[in-house]
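What follows is the residue order along each chain.
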Amino acid sequence: MRLEKCWFCSSTVYPGHGIQFVRNDAKIFRFCRSKCHKNFKMKRNPRKVKWTKAYRRLHGKDMTQDSTFEFERKRNRPERYDRNLAENTLKAIKKIDKVRVDREARHHASRMKGKKAKEHREAEKELVQSIHMVKAPAVLQHEPSLTLPKIKVKVSQQQSEETRAMEE
Amino acid sequence: MAALFASKWSHVGRSLLGCLASNSSGVLRTSHEMTCSNYFSQQQRTFIQMRTKLKVVDNSGAKEVMCIQALKARKKGARLGDTIVVSVREAHPRGKVKKGKVCHAVVVRAAMKRGRCDGSEVKFDDNAVVLLEKGELIGTRVFGPVPHELRNTKYVKILTLADHIV
């Protein structure tokens with residue numbers, strides 16, 4: 001049983017799922033679900049749609065080159081059944097999967113490394129550049145128009161008007 | 001005073017609603033137009049029924065045929081792999097088949113999706129047939145991709161002649 005990849009999102013198409021479209025030059029487009037099929041019909045480019053694997057690979061969001069990806073490959077020669085080999089393969093799958101997940105986590109961590117410092121720097125810069133927008137507490141006491149409570153008072157006045165109207 | 005307020009509120013409310021409604025209708029209309037244009041640019045994805053025009057993908061000499069009857073007594077029409085009765089609309093000069101001839105044909109490609117034995121679906125670019133004469137193929141070649149479902153029919157020869165089986 002062969003598990004194909006979706007043409008649009010590159011996820012695995014399991015048997016009995018999805019739809020395949022055969023163009024007149026015999027190229028087969030397989031889709032994992034109607035979402036991908038619809039996007040194909042809308043002539044969208046998977047490299048420009050953010051949720052696809054193609055986009056994430058192209059923009060360095062995901063790990064692209066790794067030795068763990070070498071195990072998943074299209075082989076056109078059928079493998080002869082061997083009990084020991086099957087057992088070892090099943091054991092290896094778990095280990096390889098663990099290694100892959102770890103490496104992906106490391107990749108994500110390295111990608112996000114400078115983010116916190118950058119945000120901090122930006123916030124500091126904003127504070128320096130737009131300090132004039134912040135008023136000192138003494139000024140606020142002198143000029144009540146700048147404070148929030150003034151607006152609150154206004155709202156309460158409106159309410160009182162309305163209640164008066166209701167009473168009438 | 002209350003009446004005044006009420007009238008004011010209702011007026012505002014109505015104008016708001018009206019604006020919303022007009023907006024939404026505009027959005028709906030544009031999307032509808034888009035879908036329509038998309039739909040008409042593609043092949044009709046329905047059953048093959050009376051007056052459906054199909055392409056002929058063998059070297060029998062016919063170019064285009066029209067379905068005049070779907071056999072198998074299905075109410076809705078023929079699908080991928082079904083046999084139909086056709087009348088030849090367009091034919092090459094000096095071909096085996098002349099214009100106006102009525103013969104049987106097998107649908108080898110259909111734009112309407114058809115379920116496969118494993119539960120997935122398959123669909124093609126166009127509607128195409130191969131012409132038959134007394135249960136035998138008229139042509140000696142089949143062009144383009146052909147589904148492997150034809151193996152279950154009487155016309156396995158189509159698969160042997162085809163260049164691509166999907």
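Residues numbered from 1 in each chain as written. Chains lettered and ligands numbered in written order. Predicted model: local features only at pLDDT ≥ 70, side-chain atom pairs only at ≥ 80, totals over all residues. Heavy atoms only, no water.

Draft legend 1. Inspection of the overall build of chain A at higher detail. In terms of regular secondary structure, chain A is built from six helices and four strands. From first element to last, N terminus to C terminus, chain A shows the α and β order β-β-β-β-α-α-α-α-α-α. For chain A, restricting intrachain contacts to residue pairs at least 6 apart in sequence, the fraction spanning at least 24 positions comes to 42%. Summing over all exposed atoms, chain A offers an accessible surface of approximately 14,400 Å²; the carbon and sulfur share of this is 54%. (Helix = DSSP H or I, 4+ residues; strand = E, 2+ residues; numbered from the N terminus. Contact = heavy atoms within 4.5 Å. Areas by Shrake-Rupley, 256 points an atom, 1.4 Å probe, with all protein chains shown as cover.)

Draft legend 2. Local environment of the pairing of strand 1 (residues 53-56) of chain B. Residue and element names in this part refer to chain B. Note that strand 1 and strand 2 (residues 62-70) share three bridges and pair antiparallel. Bridge pairing in strand 2 places K55 opposite E64. Linking strand 1 to strand 2, which pair antiparallel, is a turn of five residues; within it G61 sits at a positive phi near 110°. Looking at chain direction, strand 1 and strand 7 (residues 128-133) are connected through two bridges and run parallel. In the strand pairing of strand 7, V56 is matched with V129. (Pairing = 2+ DSSP bridges.)

Draft legend 3. Structural view of the pattern of salt bridges. The final tally for this structure, using the stated rule, is 15 salt bridges over all chains. The salt bridge partner of R23 of chain A is D25 of chain A, with a shortest N-O separation of 3.0 Å. Judged by its relative accessible area of 47%, D25 of chain A falls in the partly exposed class. Of the charged contacts, one joins E133 of chain B and K101 of chain B as a salt bridge, the two residues approaching to 3.4 Å between their closest N and O atoms. In this pair, E133 of chain B sits in strand 7 while K101 of chain B sits in the loop between strand 3 (83-91) and strand 4 (102-109), placing the two residues 32 residues apart along the sequence. For E133 of chain B, a relative accessible area of 37% puts it in the partly exposed group. The network of salt bridges with common partners includes K53, R56 and D62 of chain A. (Salt bridge = Lys/Arg side-chain N within 4 Å of Asp/Glu carboxyl O. Buried < 20%, exposed > 50% of the residue type's maximum accessible area, 1.4 Å probe, protein only.)

Draft legend 4. Fine view of the UniProt feature "domain: TRASH" (unreviewed entry) in chain A. The sites that UniProt annotates as "domain: TRASH" (unreviewed entry) are residues 6-44 of chain A. Across residues 6-44 of chain A one finds 21% helix and 26% strand; the C-alpha atoms that close the span lie 14 Å apart. (UniProt positions renumbered as here; feature names shortened; annotations may be inferred.)

Draft legend 5. The sheet that holds strand 5 (residues 114-115) of chain B, seen in detail. Taken in spatial order, the four strands of this open sheet run 4(A)-3(A)-6(B)-5(B), and their pairing is mixed. Among the strands making up the open sheet, the edge pair consists of strand 4 (28-31) of chain A together with strand 5 of chain B. Seen against the sheet, helix 1 (residues 34-41) of chain A touches strand 3 (19-22) and strand 4 of chain A together with strand 6 (121-124) of chain B and runs at an angle of roughly 135° to strand 4 of chain A. (Axes fitted to C-alpha atoms, helices over the stretch in contact; angles between N-to-C directions.)

Draft legend 6. Geometry of a nonpolar patch on the surface. On the surface, a cluster of nonpolar side chains totalling about 410 Å² of accessible area is made up of M1, L3 and Y14 of chain A. Inspection of the secondary structure assignment puts Y14 of chain A in the loop between strand 2 (12-13) and strand 3. (Patch = residues over 30% accessible without salt bridge, like charges linked within 9 Å, V, L, I, M, F, W, Y side chains within 5 Å.)

Draft legend 7. Representation of unusual backbone geometry in the model. Backbone geometry places A26 of chain A, a non-glycine residue, at a positive phi of 70°. Mapped onto the secondary structure, A26 of chain A falls in the loop between strand 3 and strand 4.

Draft legend 8. Structural context of the confidence of the model for chain B. Mean pLDDT over chain B: 79, with 72% of residues reaching 70 or higher. Note that residues 1-41 of chain B has pLDDT below 50 and, in this model, nine contacts with residues that lie over four places away or in other chains. (pLDDT = per-residue confidence, 0-100.)

Draft legend 9. Empty space enclosed by the protein, seen in detail. Residue and element names in this part refer to chain B. Applying the stated rule across the entire model yields one cavity of 30 Å³ or more. For the largest cavity, the full set of lining residues is T46, F47, I48, A78, R79, L80, A110, M112 and K113. Here the residues of the lining of the largest cavity sort into six nonpolar, one polar and two charged. (1 Å grid on protein atoms, 1.4 Å probe; cavity = no way out; pocket = protein on both sides within 12 Å on 5 of 7 lines; lining within 4 Å. Points joined across faces, edges and corners; volume = space filled by probe spheres on them. Nonpolar A, V, L, I, M, F, W, Y, C, P; charged D, E, K, R; others polar.)

Draft legend 10. Summary view of the environment of R106 of chain A. With respect to the helices and strands, R106 of chain A occurs in helix 3 (residues 83-111). Counting along the chain gives 43 residues from R106 of chain A to M63 of chain A, while the straight-line C-alpha distance between them is 9.6 Å.

Draft legend 11. Representation of the nonpolar core within the structure. Residues and elements named next belong to chain B. Core analysis: the largest hydrophobic core is formed by 24 residues, its most contacted members being I48, V65, I84, V129 and L131. Broken down by secondary-structure element, the contributors of at least two residues to this core are strand 1, strand 2, strand 3, strand 4, strand 6 and strand 7. Considering every element that reaches this core, the biggest residue donor is strand 2, with four residues. Among the nonpolar cores identified, the runner-up in size contains 14 residues, and V108, V146, Y155 and I158 belong to it. (Core = buried A, V, L, I, M, F, W, Y, C linked by side-chain atoms within 4.5 Å.)

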